[in-house]
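# Architecture at a glance
Here is how the chains run, residue by residue.
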Amino acid sequence: MSDSFPAGLDGERLKGLYRALCITRAAEERLEILQKQGHVTGGLYRSLGQEAGSVGAAFALRRESDGTGDFLAPTVRAAGAMFLFGATLVDFFRQYMARETSPTRGREANVHWVDYQKGFVGPVSPLGTMVEIMAGVTLSFSLRGEDRVGMVFYGDGASSTGAWHEGLNFAAVQRCPLILMVEANQYAFSSPTAKNTRVQSFTEKAPGYGIGAESVDGTDVIAVYEAVSRAAERARGGLGTQLIELKYFRRLGHAQHDSQEYVDPALIAEWEKKDPIACFHRRMVDNGWATEQELETLWHESEEDCRVAAEQAIAEPVPHGPDAVDDVYTDVTTPHPWTRGVSPDPRLA
Ligand SMILES: Cc1ncc(C[n+]2csc(CCOP(=O)(O)OP(=O)(O)O)c2C)c(N)n1
Ligand SMILES: [Mg+2]
């Protein structure tokens, strides 16, 4: 037993990290139950085995609720980072169940929502484009002289898009305080990484853009926290855009509809041994940073918080049919500049 804490973290913060991991997993496990019950609208994307990447990274940033903190662009597999930035469980479930009470009033699903005060913007679907958007966001921070950094998550597959290259190059040239988080989970849908890129590590791409990069074990929450803390310091200190590769494995299919038959089950079993929550649990107890009992309690409380939030969201209404497309389509009878005064719908001409 040792009570010397790692990475400048104290017992309370370590338990905060553990709790954030538990909340993320418990929320996604609750979603699976909700989906089997027929409550979920759209796909269900899990981050099983990747939770330490989103949680460790967001934990290293400055999170405020008044629109002055660092800024996050998560993927669907980085809900853990959103929770740390203040996204509530009930809003998360409302989004997945398309409730009228959800941040998008049931018009959009899962993590596709924005909260400028808390400091996050949900992804737009074309992969890679969030790098361009976050290049703009972080350029605004430096132009205004604000001490803020941005963090954009994207998958290993997404880093083969044109938008990714343009966005990164622009951010690098402008020295934008942007941290790129590559979720190197070894698959893009059913394509293994080797079909997306020739590099062995995504850090090999960084020198081509003249930016700093580090590769980190994405199952180790403390290692991620430390790597991102270093990257944030470099970005804040004027060194500009930084890249972090999170090395781990997508232990489930792309979404719940994908049975992942194209992956060797033995490989999945290997990665189960590196489960980020089980490993951190062992480390916490072995080092005397927390007791078994405390960690058990944190898990059960997280499960209960998710159960209660989901119950609340279930009880709330979906959009009222006739109003369901309000705020989705504009009034097509009104001429707009892009229609040159002609209705885009010939039936209304
Ligand atoms: C430009 C573009 N091409 C294809 C898609 C369809 N699509 C959505 S997710 C996905 C796989 C993404 O893989 P990766 O970036 O590795 O993320 P992961 O799912 O592994 O987290 C694809 C092909 C898309 N949304 N945008
Ligand atoms: Mg991937």
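Quick note: structure is the one above.
Procedures and definitions
- Residues numbered from 1 in each chain as written.
- Chains lettered and ligands numbered in written order.
- Predicted model: local features only at pLDDT ≥ 70, side-chain atom pairs only at ≥ 80, totals over all residues.
- Heavy atoms only, no water.
- Helix = DSSP H or I, 4+ residues; strand = E, 2+ residues; numbered from the N terminus.
- Rg over C-alpha atoms; globule rule 2.2 N^0.38 Å.
- Buried < 20%, exposed > 50% of the residue type's maximum accessible area, 1.4 Å probe, protein only.
- Contact = heavy atoms within 4.5 Å.
- Areas by Shrake-Rupley, 256 points an atom, 1.4 Å probe, with all protein chains shown as cover.
- Lys, Arg positive; Asp, Glu negative; His and termini not counted.
- Charge placed at Lys NZ, Arg CZ, Asp CG, Glu CD.
- Phe/Tyr/Trp six-rings, centres within 6.5 Å; stacked < 30°, edge-to-face > 60°.
- Lys NZ or Arg CZ within 6 Å of the ring centre and 35° of its normal.
- Near = heavy atom within 4 Å.
- Polar contact = N/O pair within 3.5 Å; in protein donor to acceptor, adjacent residues only side chain to side chain.
- Nonpolar A, V, L, I, M, F, W, Y, C, P; charged D, E, K, R; others polar.
- Core = buried A, V, L, I, M, F, W, Y, C linked by side-chain atoms within 4.5 Å.
- Donors = N, O, S within 2.8 Å, 3.2 Å for Na, K, Ca; no water.
- Pairing = 2+ DSSP bridges.
- Arc of directions from axis to C-beta.
- Axes fitted to C-alpha atoms, helices over the stretch in contact; angles between N-to-C directions.
- Parallel < 35°, antiparallel > 145°, perpendicular 65-115°, else oblique.
- Left-handed = near helix turned anticlockwise from the far one by under 90°.
- Salt bridge = Lys/Arg side-chain N within 4 Å of Asp/Glu carboxyl O.

Glancing now at the overall build of the protein. Looking only at helices and strands, the protein has 10 helices and nine strands in total. Relative to the 2.2 N^0.38 estimate, which gives 20 Å for 349 residues, the radius of gyration of the protein is 21 Å and therefore close to what a compact globule would have. By its C-alpha atoms, the protein is 75 × 50 × 45 Å across when sized along the principal axes. Counting over 349 residues, the protein shows a buried share of 52%. Of the contacts formed within the protein by residues at least 6 apart in sequence, a portion of 74% connects residues at least 24 apart. Per element, the accessible surface of the protein, about 15,900 Å² overall, is 53% carbon and sulfur. Counting 34 positive and 48 negative side-chain charges, the protein places the averaged centre of each group 3 Å from the other.

According to the stated counting rule, one finds 12 aromatic pairs in the structure shown. Plain terms: the ring middles of Trp 113 and Phe 120 are 5.7 Å apart, the flat faces sit at 85° to each other, and that makes the pair edge-to-face. The same class applies to Trp 113 and to Phe 120, which are both buried. Between the NZ or CZ atom of Lys 205 and the centre of the ring of Trp 164, over which it lies, the distance is 5.4 Å.

As a further point, take the site of ligand 1. The environment of ligand 1 is made up of 13 residues, and the closest members are Arg 77, Asp 156, Gly 157, Asn 185 and Tyr 187. Between ligand 1 and Gly 157 there is a distance of 2.9 Å, counted from an oxygen atom to a backbone nitrogen or oxygen. Within the complex, the protein chains bury 65% of what would otherwise be the 590 Å² of accessible surface of ligand 1. Here the shell around ligand 1 is built from residues that sort into six nonpolar, five polar and two charged.

The next subject is the nonpolar core. Looking at soluble globular proteins, one finds that nonpolar side chains tend to be buried together. Formed by 78 residues in total, the largest nonpolar core has its most connected members in Phe 93, Met 151, Phe 153, Ile 179, Met 181 and Phe 280. Here the element with the most residues in this core is helix 1 (residues 11–36); it accounts for 11 residues. In contact with Phe 280, other than residues within four places in its own chain, are Leu 14, Leu 17, Tyr 18, Leu 21, Val 221 and Ile 222. Counting 26 residues, the second largest nonpolar core, distinct from the first, contains Phe 141, Leu 168, Ala 171 and Cys 176.

Note on metal sites: the ideal angle is 109.5 degrees for four tetrahedral donors, and 90 or 180 degrees for six octahedral donors. The magnesium ion (ligand 2) binds to the protein through Asp 156 (OD), Asn 185 (OD1) and Tyr 187 (O), with metal-donor distances spanning 2.0 to 2.1 Å. Here the donor residues of the magnesium ion (ligand 2) share one chain and are spaced in sequence as D-x28-N-x1-Y. Taken as a pair, Asp 156 in the loop between strand 4 (150–155) and helix 6 (162–173) and Asn 185 in the loop between strand 5 (178–184) and strand 6 (187–188) lie far apart in primary sequence, 29 residues in all.

The pairing of strand 8 (residues 212–217) with strand 9 (residues 242–247) spans six bridges and is parallel. Each bridged residue has a counterpart across the sheet, and for Asp 217 the counterpart in strand 9 is Lys 247.

The next point concerns helix 9 (residues 276–286). All of the buried residues in helix 9 are Pro 276, Ile 277, Phe 280, His 281 and Met 284. Down the axis of helix 9, the buried side of the element spans an arc of 130°, and every buried residue falls inside it. Its buried side turned inward, helix 9 meets helix 1, helix 2 (51–59), helix 7 (221–239) and helix 10 (292–314). With a side-chain oxygen positioned 3.0 Å from the backbone nitrogen of Ile 277, the residue opening helix 9 is Asp 275. Immediately downstream of helix 9, the backbone of Gly 288 shows phi near 75°, a positive value.

With their axes 8 Å apart at the nearest point, helix 4 (residues 89–96) and helix 10 run at an angle of 50° to one another. As the angle between them shows, helix 4 and helix 10 are arranged oblique. As helix 4 runs across helix 10, the sense of the crossing is right-handed. Contacts between helix 4 and helix 10 pair Leu 89, Val 90, Phe 93 and Arg 94 from the former with Asp 305, Cys 306, Ala 309, Ala 310, Gln 312 and Ala 313 from the latter. Of the residues assigned to the contact of helix 4 with helix 10, the class counts are seven nonpolar, one polar and two charged.

In an α-helix, one turn spans 3.6 residues, which is why side chains three or four residues apart end up on the same side. Among the eight residues of helix 4, eight are classified as buried, and the element is accordingly described as predominantly covered. Those residues of helix 4 that fall on the buried side of the exposure criterion are Leu 89, Val 90, Asp 91, Phe 92, Phe 93, Arg 94, Gln 95 and Tyr 96. For helix 4, the secondary structure elements touched by its buried residues are helix 1, helix 3 (79–84) and helix 10. Two residues or fewer after helix 4 comes Ala 98, characterised by a positive phi angle close to 50°.

On to the pattern of salt bridges, then. Summed over all chains, the structure comprises 26 salt bridges. The partner of Lys 15 in a salt bridge is Glu 294, and the shortest N-O contact between them spans 3.1 Å. With Lys 15 in helix 1 and Glu 294 in helix 10, this residue pair connects regions lying 279 residues apart in the sequence. Using a relative accessible area of 32% as the deciding quantity, one classes Glu 294 as partly exposed. The shortest N-O distance in the salt bridge between Arg 230 and Glu 214 comes to 2.8 Å. Of this pair, Arg 230 sits in helix 7 while Glu 214 sits in strand 8, and the two are 16 residues apart along the sequence. Three or more residues are tied together by salt bridges with common partners; here these are Arg 25, Glu 51, Arg 251 and Asp 275.

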